[in-house]
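# Inside the fold
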Amino acid sequence: MSLKDTVNTYKIAFFSTQPYDKTFFNKYNDSFGFELDFFETQLNPQTAALIEKALIVCVFVNDIVNEAVLKQLAEKGVKIIALRCAGFNNVDLDAAKKYNLKVCRVPAYSPQAVAEHAMAMILTLNRKTHKAYNRVREQNFSLNGLLGFDLFGKTIGIIGTGNIGKAFAKIAIGFGCKVLAYDIVTSAEMEKDGVRFVSLDEIFKSSDIISLHCPLNDQTKHVVNKESIVLMKDSVMIINTSRGALIETAAVIEGLKEGKIGYLGIDVYEQEEKLFFRDLSADIIQDDAIQRLMSFPNVLVTAHQAFFTNEALTQIALVTFNNIESLLTENDIENKTALLV
Ligand code: NAD
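Rules used throughout
- Residues numbered from 1 in each chain as written.
- Predicted model: local features only at pLDDT ≥ 70, side-chain atom pairs only at ≥ 80, totals over all residues.
- Heavy atoms only, no water.
- Axes fitted to C-alpha atoms, helices over the stretch in contact; angles between N-to-C directions.
- Helix = DSSP H or I, 4+ residues; strand = E, 2+ residues; numbered from the N terminus.
- Parallel < 35°, antiparallel > 145°, perpendicular 65-115°, else oblique.
- Left-handed = near helix turned anticlockwise from the far one by under 90°.
- Contact = heavy atoms within 4.5 Å.
- Nonpolar A, V, L, I, M, F, W, Y, C, P; charged D, E, K, R; others polar.
- UniProt positions renumbered as here; feature names shortened; annotations may be inferred.
- Salt bridge = Lys/Arg side-chain N within 4 Å of Asp/Glu carboxyl O.
- Buried < 20%, exposed > 50% of the residue type's maximum accessible area, 1.4 Å probe, protein only.
- Pairing = 2+ DSSP bridges.

Where helix α10 (residues 249-258) meets helix α11 (residues 288-295), the closest approach of the two axes is 11 Å, and the angle between their N-to-C directions is 30°. The orientation of α10 relative to α11 falls into the category roughly parallel. Once α10 is placed against α11, the crossing between them reads as left-handed. Of the residues in α11, those in contact with Thr249, Val252, Ile253, Leu256 and Lys257 of α10 are Ala289, Arg292 and Leu293. Residues belonging to the contact of α10 with α11 are distributed by class as follows: five nonpolar, one polar and two charged.

Dropping the structure here:
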């Protein structure tokens, strides 16, 4: 039986929807003609009940797609889980297989968007343009406290050299940095561009700036921890635009307090699902670790916005729809990295 022969309509139930998701998915739906149902709430065991006759559920980075949720979705006749993101650490793929659900993702919508944001964080932390902006508006034209360093000639260590890591290496090379990299697979193409693949320990020991671009999994969880921080250069800069749990938050707070870590830029945070993508400006935040992090003058936090460009949102909408269409018509997707189960 083809997926098209099921009782459910070609309805896609979107979770964790923001206004810009609606704008982009509505804009590109004309040539596909799906029925779109947008929910602002996160998908979790309680909110799964909202789904009515949808064949497809579309989720984002902080939706909970564990066994309990997948079981409910299967019982409701859902056949496809379409992730509108690249990372899939929030989905229990074994359970999806068990309940006969197809899972697809958008493997590379704009690696440049994330790589450019990582460099933006480095430049902001280094040259303190965020502080200069506020100072000048208050007619404070003093330079005291704004001293930076030349990026030219500095060593940048990249952990994870997939689509984003590669794009980021090109930017770093453009700035005249020496680029070291660690990945479970080396890239001859990057070596040709001058990137040197080294051990993880070598990245920690030799880098002035460390940028994380690997996925979150059992091997990479807390790759930045108490022990790895000890190996790092004094005053190291750490940038994480990948997934929050790559960093052991308590360990970096200690490292910052001791002055071992000179700069920290994070676009992702271990407990971000309770905070990010919402306006909490009138709330009392109960997460003491994020409050402590935000109190350091040498920490820059952005709320998972590295992907957030016009080009990326366009690609996300188009690739998500194409993935769904391919699964409905051919039960397969040509780009094998897009199909997880
Ligand atoms: P990718 O799959 O193209 O590349 C990931 C790379 O990590 C691969 O080269 C892989 O070999 C490597 N890797 C896997 N396990 C590793 C390990 N144990 N140690 C070192 N390297 C390892 O993915 P990508 O498109 O480059 O994205 C990377 C990550 O960035 C995603 O997993 C996602 O978590 C994150 N991301 C964040 C945003 C954002 O807005 N902040 C947007 C997109 C992606």
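More follows now that the structure is in view.
A few words on the UniProt feature "domain: D-isomer specific 2-hydroxyacid dehydrogenase catalytic" (unreviewed entry) in the protein. Here the UniProt-annotated "domain: D-isomer specific 2-hydroxyacid dehydrogenase catalytic" (unreviewed entry) positions come out as residues 13-335. Span residues 13-335 is 37% helix and 15% strand, its end C-alpha atoms 23 Å apart.

Moving on, we get to the pattern of salt bridges. Summed over the entire model, instances satisfying the criterion amount to eight salt bridges. Salt-bridge contacts for lysine 233 lead to aspartate 208; the nearest nitrogen and oxygen are separated by 2.9 Å. With lysine 233 in the loop between α9 (226-231) and β10 (236-240) and aspartate 208 in the loop between α8 (200-206) and β9 (209-212), this residue pair connects regions lying 25 residues apart in the sequence. A residue is classified by how much of its surface remains accessible, and lysine 233, at 31% relative accessible area, is partly exposed. The salt bridge partner of aspartate 234 is lysine 260, with a shortest N-O separation of 3.0 Å. Separated by 26 residues along the polypeptide, aspartate 234 in the loop between α9 and β10 and lysine 260 in the loop between α10 and β11 (261-266) bring together distant segments of the chain.

One open sheet holds the seven strands; their spatial order is β8-β7-β6-β9-β10-β11-β12, and the pairing between them is parallel. The outermost strands of the open sheet, each flanked by one partner alone, are β8 (196-197) and β12 (299-301). Sheet topology places β9 next to β10; four bridges connect them, and they run parallel. Bridging across to β10, isoleucine 210 finds its partner in isoleucine 238. Packing against the sheet, helix α4 (residues 111-127) makes contact with β9, β10, β11 and β12, and its axis sits at approximately 145° to β10. On top of the sheet, α10 reaches β11 and β12; it is set at about 140° to β11, its chief contact.

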